[in-house]
Amino acid sequence: MKLEFELVPDSVWGSNLRSILSKAQWDVVRKEAYARANGRCMICGRPAKRLEAHEKWSYDEKNAVQKLEDVVALCHACHETVHIGRTQLMGREAEAAAHFCKVNGCNYAAYRKALGKATEDHLRRNRIAEWKLDLSYLKKFCEDDEGKDSAPGEAPHSDEEKR
């Protein structure tokens, strides 16, 4: 599937890079994603005048580590579909379901099956009370002239931080 659901564990819901980074640092990260996208959604490929930055996370359940893998630029429809939990709360599931099926070339039954799998993953990850945060992806934005890791105007940070 090109377009997949990403249900984050409840304990980290609402946390994001914008709440961790300064506005200037977040702008550097998101604008790099927009540049890579070249005006197109990085999932469906549709041209978009306005793209939205989306954080892609992986979850190491054995070690309770949530790792930032990438920041990608998405059209609004793909971004709403990826965040299906929030979209459902906003009353827009029908639109997200239709977009999911269109992008993935599948039927509603495949949508429900994928949603069921994402829900299973979400429930399992909710059993972990606290996730450690791995932001090593951001190192590529933080190298100073001497090759040492440090964010602009800030002290060096570790690869793992707790939320």
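Refer to the structure printed above.
Residues numbered from 1 in each chain as written. Predicted model: local features only at pLDDT ≥ 70, side-chain atom pairs only at ≥ 80, totals over all residues. Heavy atoms only, no water.

This part covers helix H5 (residues 93-104). The end-to-end C-alpha distance of H5 is 16 Å, a good match for the 16 Å that 12 residues give at a rise of 1.5 Å each. On its buried face, H5 is in contact with helix H3 (76-82), helix H4 (84-89) and helix H6 (108-125). Looking one or two residues beyond H5, the residue adopting positive phi is Gly 105, at roughly 60°. (Helix = DSSP H or I, 4+ residues; strand = E, 2+ residues; numbered from the N terminus. Expected span 1.5 Å × (residues − 1). Contact = heavy atoms within 4.5 Å.)

Attention now moves to the nonpolar core. Ranked by size, the top nonpolar core spans 21 residues in total, and within it Leu 17, Trp 26, Val 29, Leu 68, Val 71, Leu 135 and Leu 138 carry the most contacts. Among the secondary structure elements, those contributing two or more residues to this core are helix H2 (23-37), strand E1 (52-60), strand E2 (65-74) and helix H7 (139-142). (Core = buried A, V, L, I, M, F, W, Y, C linked by side-chain atoms within 4.5 Å. Buried < 20%, exposed > 50% of the residue type's maximum accessible area, 1.4 Å probe, protein only.)

On the surface, Trp 13, Leu 89 and Met 90 cluster together into a nonpolar patch covering about 400 Å² of accessible area. Assignment of secondary structure puts Leu 89 in helix H4. (Patch = residues over 30% accessible without salt bridge, like charges linked within 9 Å, V, L, I, M, F, W, Y side chains within 5 Å. Areas by Shrake-Rupley, 256 points an atom, 1.4 Å probe, with all protein chains shown as cover. Salt bridge = Lys/Arg side-chain N within 4 Å of Asp/Glu carboxyl O.)

Two elements, E1 and E2, share nine bridges in a ladder whose sense is antiparallel. Within the sheet, the bridge partner assigned to Tyr 59 lies in E2 and is Gln 66. Between the end of E1 and the start of E2, which pair antiparallel, lie four residues, with Ala 64 showing a positive phi angle near 55°. (Pairing = 2+ DSSP bridges.)

Look at H2: 21 Å from first C-alpha to last across 15 residues, which is about the 21 Å you get at 1.5 Å a residue. Among the residues of H2, Gln 25, Trp 26, Asp 27, Val 29, Arg 30, Ala 33 and Ala 37 are the ones counted as buried. Contacts from the buried residues of H2 go to helix H1 (17-20), E1, E2 and H7. Phi for Asn 38, located one or two positions after H2, is positive at around 55°.

Another aspect to go through is the packing of aromatic side chains. Inspection of every chain in the model, using the stated rule, returns six aromatic pairs. Seen in terms of ring centroids, Phe 5 and Tyr 111 are 5.6 Å apart; in terms of plane orientation they differ by 80°. Their pairing is edge-to-face. On the criterion of sequence distance, the pair formed by Phe 5 in the segment before H1 and Tyr 111 in helix H6 is long-range, its members being 106 residues apart. Looking at Phe 5, the relative accessible area reads 10%, which means it is buried. Among the aromatic residues, those joined into a cluster by ring pairs are Phe 5, Phe 100, Tyr 108 and Tyr 111. (Phe/Tyr/Trp six-rings, centres within 6.5 Å; stacked < 30°, edge-to-face > 60°.)

Geometric descriptors of this kind do not, in isolation, establish any biological role.
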